[in-house]
Amino acid sequence: MPSRGIRIRLGQFALVLAFVLALEWLVATGTVSELLLSRPSQVAIRLWQDIASDELGRAVATTVREVLIALVLTLLIGFALGLAFHRFAPLRAAAEPMLVAFYSAPAILLYPIFLTFLGQGSATVITMAVILGSTPIAINMAAGFSGIEPIWRKVGRSLNATPSQMLTRILIPAATPILVAGFRLGLTFALIGVIALEFLTYSGGLGRLISWRYYIFDTDGVYAGIVLVALIAIAINSLLTGLERRIRGRWT
């Protein structure tokens with residue numbers, strides 16, 4: 001009998017296949033206009049054609065570069081802010097409510113301000129993505145460290161642990177579940193931010209490519225770009241899942 005993991009993957013594959021076949025049937029029978037939705041078979045053909053094109057290669061290279069830079073900066077800045085909130089309670093008390101309020105609003109609508117100062121390029125995309133991603137990481141880190149039982153800190157002090165040892169041997173292992181959830185959420189928002197800002201600012205990348213194809217009514221091209229973005233997101237999500245398992249295995 002197949003293992004539980006294999007059964008889950010087979011179920012996921014069956015759902016995706018059923019969804020694709022349903023879309024193919026809806027468009028093929030004219031139930032949904034081809035101006036609104038492309039047939040999956042046509043999207044697959046267009047994606048295959050795009051793979052060999054320089055246009056798609058440049059767009060993918062731009063998006064991957066911006067995503068990687070944004071993810072690294074999101075981790076570093078979010079971790080630093082979370083640590084600062086933990087160590088300086090007045091700073092957290094002053095800044096956290098404003099960050100939560102800022103994050104509750106549609107922060108992406110502030111992109112014209114960054115566009116004015118940073119220009120229509122990768123700097124605006126990466127900056128907005130980092131802002132969107134680092135906030136949940138910082139908030140989750142502060143909450144995770146604050147929720148640690150005081151006894152663990154007493155144990156560290158009784159063993160004369162240095163600040164770095166207290167952080168790596170006690171605080172991070174104790175708060176790992178919340179920290180990992182924050183990292184995953186922040187990195188996901190950073191990825192979304194890159195694609196969304198590319199679409200809005202026309203700075204290049206897959207977001208820009210999809211936007212341009214939309215305006216020229218290239219329906220097959222639009223959905224081919226969307227599928228490619230989804231594949232990139234799945235790949236990054238798989239990497240994050242592997243990273244999460246390593247973190248949990250290292251600090252739990």
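See the structure shown above.
Residues numbered from 1 in each chain as written. Predicted model: local features only at pLDDT ≥ 70, side-chain atom pairs only at ≥ 80, totals over all residues. Heavy atoms only, no water.

**Overview of the overall build of the protein chain**
Okay, step 1: Along the backbone of the protein chain there are 10 helices and zero strands.
Okay, step 2: If one aligns the C-alpha atoms of the protein chain with their principal axes, the spans along those axes are about 70 × 60 × 30 Å.
Okay, step 3: Taking the intrachain contacts of the protein chain between residues at least 6 apart in sequence as the baseline, contacts between residues at least 24 apart amount to 72%.
Okay, step 4: For the protein chain, the accessible area works out to roughly 14,600 Å², and carbon and sulfur atoms hold 71% of it.
Okay, step 5: Within the protein chain, the 12 negative side-chain charges are centred at a point lying 18 Å from the centre of the 20 positive side-chain charges. (Helix = DSSP H or I, 4+ residues; strand = E, 2+ residues; numbered from the N terminus. Contact = heavy atoms within 4.5 Å. Areas by Shrake-Rupley, 256 points an atom, 1.4 Å probe, with all protein chains shown as cover. Lys, Arg positive; Asp, Glu negative; His and termini not counted. Charge placed at Lys NZ, Arg CZ, Asp CG, Glu CD.)

**Here we look at helix 8 (residues 163–201)**
Okay, step 1: Across its 39 residues, helix 8 extends only 43 Å between first and last C-alpha, which sits more than 12% below the 57 Å expected from 1.5 Å per residue.
Okay, step 2: The principal kink in helix 8, of about 75°, is found at Thr-176, preceding the proline Pro-177 by one to four residues.
Okay, step 3: Immediately beyond the C-terminal end of helix 8, within one or two residues, lies Tyr-202, with a positive phi of roughly 55°. (Expected span 1.5 Å × (residues − 1). Bend = angle between axes of the 7 residues up to and from the residue.)

**A closer look at the nonpolar core**
Okay, step 1: Counting residues in each nonpolar core, the largest one holds 29 residues, and the members touching the most others are Val-67, Ala-70, Leu-71, Val-194, Leu-206 and Ile-236.
Okay, step 2: Counting only elements with at least two residues in this core, the list comes to helix 2 (40–51), helix 3 (54–87), helix 6 (122–146), helix 8, helix 9 (205–215) and helix 10 (219–251).
Okay, step 3: The leading source of residues in this core is helix 10, at seven residues.
Okay, step 4: Setting aside chain neighbours within four positions, we find Leu-206 in contact with Leu-56, Ala-59, Val-60, Thr-63, Glu-198, Leu-228, Val-229 and Ile-232.
Okay, step 5: Membership of the second largest hydrophobic core comes to 13 residues, among which are Leu-167, Ile-170, Leu-171 and Ile-172. (Core = buried A, V, L, I, M, F, W, Y, C linked by side-chain atoms within 4.5 Å. Buried < 20%, exposed > 50% of the residue type's maximum accessible area, 1.4 Å probe, protein only.)

**Things to note about a nonpolar patch on the surface**
Okay, step 1: Together, Ile-69, Val-72, Leu-73, Leu-76, Ile-77 and Leu-81 line one region of the surface with nonpolar side chains, adding up to about 470 Å² of accessible area.
Okay, step 2: With respect to the helices, strands and loops of the structure, Ile-69 is situated in helix 3.
Okay, step 3: For Ile-69, a relative accessible area of 35% puts it in the partly exposed group. (Patch = residues over 30% accessible without salt bridge, like charges linked within 9 Å, V, L, I, M, F, W, Y side chains within 5 Å. Salt bridge = Lys/Arg side-chain N within 4 Å of Asp/Glu carboxyl O.)

**Looking at empty space enclosed by the protein**
Okay, step 1: Tallied over the entire structure, the rule returns two cavities of 30 Å³ or more.
Okay, step 2: Space inside the second largest cavity adds up to approximately 30 Å³.
Okay, step 3: Looking at the second largest cavity, the residues that line it are Thr-63, Val-67, Leu-191, Ile-195, Val-229, Ile-232 and Ala-233.
Okay, step 4: Elements with a contribution of two residues or more to the lining of the second largest cavity: helix 3, helix 8 and helix 10.
Okay, step 5: The biggest single contributor to the lining of the second largest cavity is helix 10, with three residues.
Okay, step 6: Partitioned by chemical class, the residues of the lining of the second largest cavity number six nonpolar, one polar and no charged. (1 Å grid on protein atoms, 1.4 Å probe; cavity = no way out; pocket = protein on both sides within 12 Å on 5 of 7 lines; lining within 4 Å. Points joined across faces, edges and corners; volume = space filled by probe spheres on them. Nonpolar A, V, L, I, M, F, W, Y, C, P; charged D, E, K, R; others polar.)

**Some details on the environment of Gly-82**
Okay, step 1: Following the sequence through the fold, Gly-82 ends up in helix 3.
Okay, step 2: For Gly-82, a relative accessible area of 0% corresponds to the buried category.
Okay, step 3: Spatially, the C-alpha atom of Gly-82 lies 35 Å from that of Val-227, the residues being 145 residues apart in sequence.
Okay, step 4: Discounting chain neighbours no more than four positions away, the residues touching Gly-82 are Ala-138, Met-141 and Ala-142.

**So, the pattern of salt bridges**
Okay, step 1: By the definition in use, this model includes four salt bridges.
Okay, step 2: One salt bridge connects Glu-24 with Arg-39, and the closest N-O pair in it is separated by 2.9 Å. Taken together, the positions of Glu-24 in helix 1 (residues 4–28) and Arg-39 in the loop between helix 1 and helix 2 put the pair 15 residues apart, joining distant regions of the chain.
Okay, step 3: For the salt bridge of Asp-50 with Arg-213, the shortest nitrogen-to-oxygen distance reads 2.9 Å. Taken together, the residues Asp-50 in helix 2 and Arg-213 in helix 9 connect sequence positions 163 residues apart. Residue Asp-50 shares its accessibility class with Arg-213, and that shared class is buried.

**Description of the packing of aromatic side chains**
For any two aromatic rings, the description comes down to two numbers: the centre-to-centre distance and the angle of the planes.
Okay, step 1: As enumerated under the stated definition, the model contains one aromatic pair in all.
Okay, step 2: A ring pair is formed by Tyr-214 and Tyr-215, whose centres lie 5.4 Å apart and whose planes are at 70°; its orientation type is edge-to-face. Both residues of the pair, Tyr-214 and Tyr-215, belong to the exposed class. (Phe/Tyr/Trp six-rings, centres within 6.5 Å; stacked < 30°, edge-to-face > 60°.)

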